[in-house]
Amino acid sequence: MRTERRPTSTPPPREAPEQVIVRLRRSGRHLVWPAVFFIALCGGTGYLWGRLDPPWLNTAMPIVAAGLMVVLSLLPLIFWLNRVTVITSRRLIVTQGFLVRERTEFVLARASDAVLRRRPLQLLTGSGDVVVHAGSEGTMLLRDVPRAKLVHRAIAEIIERGPGA
């Protein structure tokens, strides 16, 4: 007959699991000019289709328009989609890259303060740059973050709570 042994001491408290607070990209303001180029390119190509005198120009025009569309509209969209910033309850994670993904992590427990910088155009759109300092550990710059005040406040609260909270 076996008797169960009960632990004589209480187990150590578990740390709260890391939670994702927000995932974000740069401000969508960077996609305005590519969208304008795309609309102008489609309108210009449609207007000029069949109106050019030498027939080879009518054949070359859609090829040139497709190349311009890739360079002026599609590549900026892909570069914008390429960079993702994740703010968790413990760290900042920035991932970017096409073929080779680069991941940069910044532990918020080591951070000393967060600063919000806004230029005039960023003031109009509600975005801004958030700079997180960690003394000798380094600095993390989040460029052109949408809803910058809210992101800055969230990071400042995480830093204020400190490690283990």
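Above this note sits the structure.
Residues numbered from 1 in each chain as written. Predicted model: local features only at pLDDT ≥ 70, side-chain atom pairs only at ≥ 80, totals over all residues. Heavy atoms only, no water.

**Student:** I would appreciate a short explanation of the packing of aromatic side chains in the present structure.
**Tutor:** Between two aromatic rings, the relevant description is the distance of the centres plus the angle of the planes. Inspection of the entire model under this criterion finds two aromatic pairs. We note Arg25 situated over the ring of Trp80; from NZ or CZ to the ring centre the distance is 5.8 Å. The ring of Tyr47 carries the charged tip of Arg51 above its face, separated from the ring centre by 4.2 Å. (Phe/Tyr/Trp six-rings, centres within 6.5 Å; stacked < 30°, edge-to-face > 60°. Lys NZ or Arg CZ within 6 Å of the ring centre and 35° of its normal.)

**Student:** Looking at this structure, I do not really get the pattern of salt bridges. What am I missing?
**Tutor:** Any two side chains of opposite charge can pair, given that their charged atoms come close. On inspection of all chains with the given rule, the structure shows five salt bridges. Among the salt bridges present, the one from Arg29 reaches Asp144, with a minimum N-O distance of 2.9 Å. Residue Arg29 is found in the loop between strand S1 (20-24) and helix H1 (32-48), and its partner Asp144 is found in strand S7 (residues 139-145); the two are separated by 115 residues along the sequence. Residue Asp144 is classed as buried on the basis of its relative accessible area, which comes to 1%. Salt bridges sharing common partners tie together Glu18, Arg91, Arg103 and Glu105. (Salt bridge = Lys/Arg side-chain N within 4 Å of Asp/Glu carboxyl O. Helix = DSSP H or I, 4+ residues; strand = E, 2+ residues; numbered from the N terminus. Buried < 20%, exposed > 50% of the residue type's maximum accessible area, 1.4 Å probe, protein only.)

**Student:** Before we go on, may I ask you to explain the sheet that holds strand S4 (residues 102-107) in this structure?
**Tutor:** Strand pairing in a sheet relies on backbone hydrogen bonds. The paired strands run either parallel or antiparallel. The antiparallel open sheet is built from four strands, whose spatial order is S1-S2-S3-S4. Taken across any chain shown, the strands that pair with only one partner, and hence form the sheet edges, are S1 and S4. If you compare each strand with its neighbour and ignore which way they point, the axes differ by 15° on average. Two elements, S1 and strand S2 (residues 84-88), share four bridges in a ladder whose sense is antiparallel. Within S2, the residue paired with Leu24 across the bridge is Thr85. Strands S1, S2 and strand S3 (91-96) of the sheet are contacted by helix H4 (residues 148-161), whose axis makes an angle of about 40° with S2. (Pairing = 2+ DSSP bridges. Axes fitted to C-alpha atoms, helices over the stretch in contact; angles between N-to-C directions. Contact = heavy atoms within 4.5 Å.)

**Student:** I tried to follow the sheet that holds strand S6 (residues 128-133) on my own but got confused; where do I start?
**Tutor:** Here three strands make up an open sheet; going across it, the order is S5-S6-S7 and the pairing antiparallel. Each end of this open sheet is capped by a strand with a single partner; those strands are strand S5 (113-117) and S7. Strand-to-strand twist across the sheet, computed as the mean angle between neighbouring axes with direction ignored, equals 15°. Across five bridges, S6 lies against S7 in antiparallel orientation. Looking at the pairing, Val131 lines up with Leu141 of S7. With respect to the sheet, H4 is in contact with S5, S6 and S7, its orientation differing from that of S5 by roughly 170°.

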